[in-house]
Amino acid sequence: MLHKTKYNNLTLCFKESRVPYNEILEDFVHLRLPIRKVFRNKDNTKVMLVQHQEQLYILKVFKPNGKKIERVLKSFFRKDYFLSLIQLNDELWSRGMRFQNDVYLLAQRKQGPYTDLYIMLNEYIPGTVLNEFDVIPEVIKQDLVHNMALLHQHKLISGDAHKGNFILSEHGLRIIDLSGKKFTRRRVAEDRLALESRFNIKEIERDFSYYLLKAKFHLRQKIKSGKHVLAKMFAF
Ligand SMILES: Nc1ncnc2c1ncn2[C@@H]1O[C@H](COP(=O)(O)OP(=O)(O)OP(=O)(O)O)[C@@H](O)[C@H]1O
Ligand SMILES: [Mg+2]
C-alpha cells in the first residue's frame, strides 16, 4: 500500500512499512544521510548508495533537462512514468514478485502537473552487475529470458535492457532501473531485441512487432550507410 503526503515543496509517495522512508528522505534533504558510494554522477542523474540505521539503500536523483516545453505540455495528459513505476512495483511486490528492485519512495518537486525534480529511494541489491562478467554464462542468459518474460507478463517494460541493469544476487537474477512507460507491443519488442543484440540471446519470442522493429532497424542502417557513401563521394 502506498501513502501520499507533502514535505516542504516535495510531493511524496511511499510504501507502507515499519521503516520511515519519509524520514530517510528528510535526512537526505538536510544532508544528514551518509553516502557510501556514488554509482552515477551525470548532469541530470545521480545514483548513490546511502545508509540509514545500518541499512543500505539506492537513492536516485533525476532532473529532466532539455525539451522543457514538450515535457510540460505532455505532463498535462500523460501519466508520470516514475509515479507509474512505484505503483506498478507496489502491485507486483504485493503479488509476491521479487525479480525487480523494490521502489520504496518517490519524491517529486512539482510545478502544476510538471515535475522538475525526482528523488527515488530503492532497495539495494548486493551482488554482481552483469557488466562485470567478461562472458555471461548460458545459465544466466536463461534466467535473463525467464525474468524478462515475467516482467512482460506483468505488464512492465525494462526500456533499457543492458548489462548494467541486471544484478546476479544471492537470491538469483534481479532487474533494476525499470521503465514506468506504458506497456506496448513495440516496447516489448524493443526489450527482446536488446536481449538479442546486447546478450547474443537467440531463444527470444519473435512476434509481428519484433519483425517490424527489426525491419525498421535494418532500413535505418541502410539509409545511414547510403548517406555515408554519398558523403564520401562528394567529399572532394
Ligand atoms: N537497486 C540497486 N542495487 C544495487 N546496485 C544498483 C541499484 N540500482 C543501481 N545500482 C548501481 O548503479 C548503477 C547505475 O544505476 P541505474 O541503472 O539506476 O542508473 P542509470 O543512470 O539509469 O544508468 P543507465 O542509464 O546506464 O541504465 C547500476 O549499474 C548499478 O551498478
Ligand atoms: Mg541503468
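Residues numbered from 1 in each chain as written. Chains lettered and ligands numbered in written order. Predicted model: local features only at pLDDT ≥ 70, side-chain atom pairs only at ≥ 80, totals over all residues. Heavy atoms only, no water.

Enquirer: Let's hear about the nonpolar core: which residues, and what values?
Expert: Among the nonpolar cores identified, the biggest contains 34 residues, and Leu-130, Leu-144, Phe-166 and Phe-199 are the most heavily contacted of them. Residue assignment for this core shows that the elements contributing at least two residues are α3 (81–94), β6 (103–111), β7 (114–123), α4 (138–153), β10 (172–175), α5 (185–199) and α6 (208–233). Here this core spans two domains, and each of domain 1 (1–124) and domain 2 (125–236) adds at least three residues to it. In this view, Leu-144 contacts Leu-130, Phe-166, Leu-173, Leu-195, Phe-199 and Ile-201; residues no more than four positions away in its chain are not counted. Grouped together as the second largest cluster of nonpolar side chains are 20 residues, Leu-10, Leu-12, Leu-33 and Tyr-104 included. (Core = buried A, V, L, I, M, F, W, Y, C linked by side-chain atoms within 4.5 Å. Buried < 20%, exposed > 50% of the residue type's maximum accessible area, 1.4 Å probe, protein only. Helix = DSSP H or I, 4+ residues; strand = E, 2+ residues; numbered from the N terminus. Domains from an automatic or database assignment. Contact = heavy atoms within 4.5 Å.)

Enquirer: Can you lay out the domain arrangement of the chain for me, pointing to particular residues and giving the numbers?
Expert: Where the parts come together, the accessible area they lose is often given as the size of the interface. Partitioning the chain into structural domains gives domain 1 (1–124) and domain 2 (125–236). In this structure, domain 1 and domain 2 have C-alpha centres spaced 25 Å apart. Between domain 1 and domain 2, the contact holds 16 residues from the first and 17 residues from the second. With both chains or domains summed, domain 1 and domain 2 bury close to 1500 Å², and 63% of this area falls on carbon and sulfur atoms. Across the domain 1-domain 2 interface, the total number found is two salt bridges. The residue Glu-123 makes a salt bridge to Arg-174 at a minimum N-O spacing of 2.8 Å. (Buried area = accessible area lost by both parts, 1.4 Å probe. Salt bridge = Lys/Arg side-chain N within 4 Å of Asp/Glu carboxyl O.)

Enquirer: Explain the packing of α5 against α6 to me, using residue names and the numbers behind them.
Expert: Relative placement of two packed helices is described by the angle separating their axes and the distance separating the axes. Orientation of α5 relative to α6, taken along the N-to-C sense of each, is 65 degrees, at an axis distance of 8 Å. Taken together, α5 and α6 sit at an angle that is classed as roughly perpendicular. Two packed elements cross with a definite hand, and for α5 against α6 that hand is right-handed. Of the residues in α6, those in contact with Arg-185, Arg-186, Ala-189, Glu-190, Leu-193 and Glu-196 of α5 are Ser-209, Tyr-210, Leu-213, Lys-214 and Lys-216. Of the residues contributing to the contact of α5 with α6, the split by class is four nonpolar, one polar and six charged. (Axes fitted to C-alpha atoms, helices over the stretch in contact; angles between N-to-C directions. Parallel < 35°, antiparallel > 145°, perpendicular 65-115°, else oblique. Left-handed = near helix turned anticlockwise from the far one by under 90°. Nonpolar A, V, L, I, M, F, W, Y, C, P; charged D, E, K, R; others polar.)

Enquirer: Go over the site of ligand 1, please, and point to the residues and values.
Expert: Taken together, 17 residues lie around ligand 1, and Lys-60, Glu-123, His-162, Gly-164 and Asp-177 are the ones closest in. One nitrogen or oxygen atom from the side chain of Lys-60 is found 2.8 Å from an oxygen atom belonging to ligand 1. In the environment of ligand 1, a nitrogen atom lies 2.9 Å from a nitrogen or oxygen atom belonging to the backbone of Ile-125. Its free accessible area being 610 Å², ligand 1 has 87% of it covered by the protein chains. (Near = heavy atom within 4 Å. Polar contact = N/O pair within 3.5 Å; in protein donor to acceptor, adjacent residues only side chain to side chain. Areas by Shrake-Rupley, 256 points an atom, 1.4 Å probe, with all protein chains shown as cover.)

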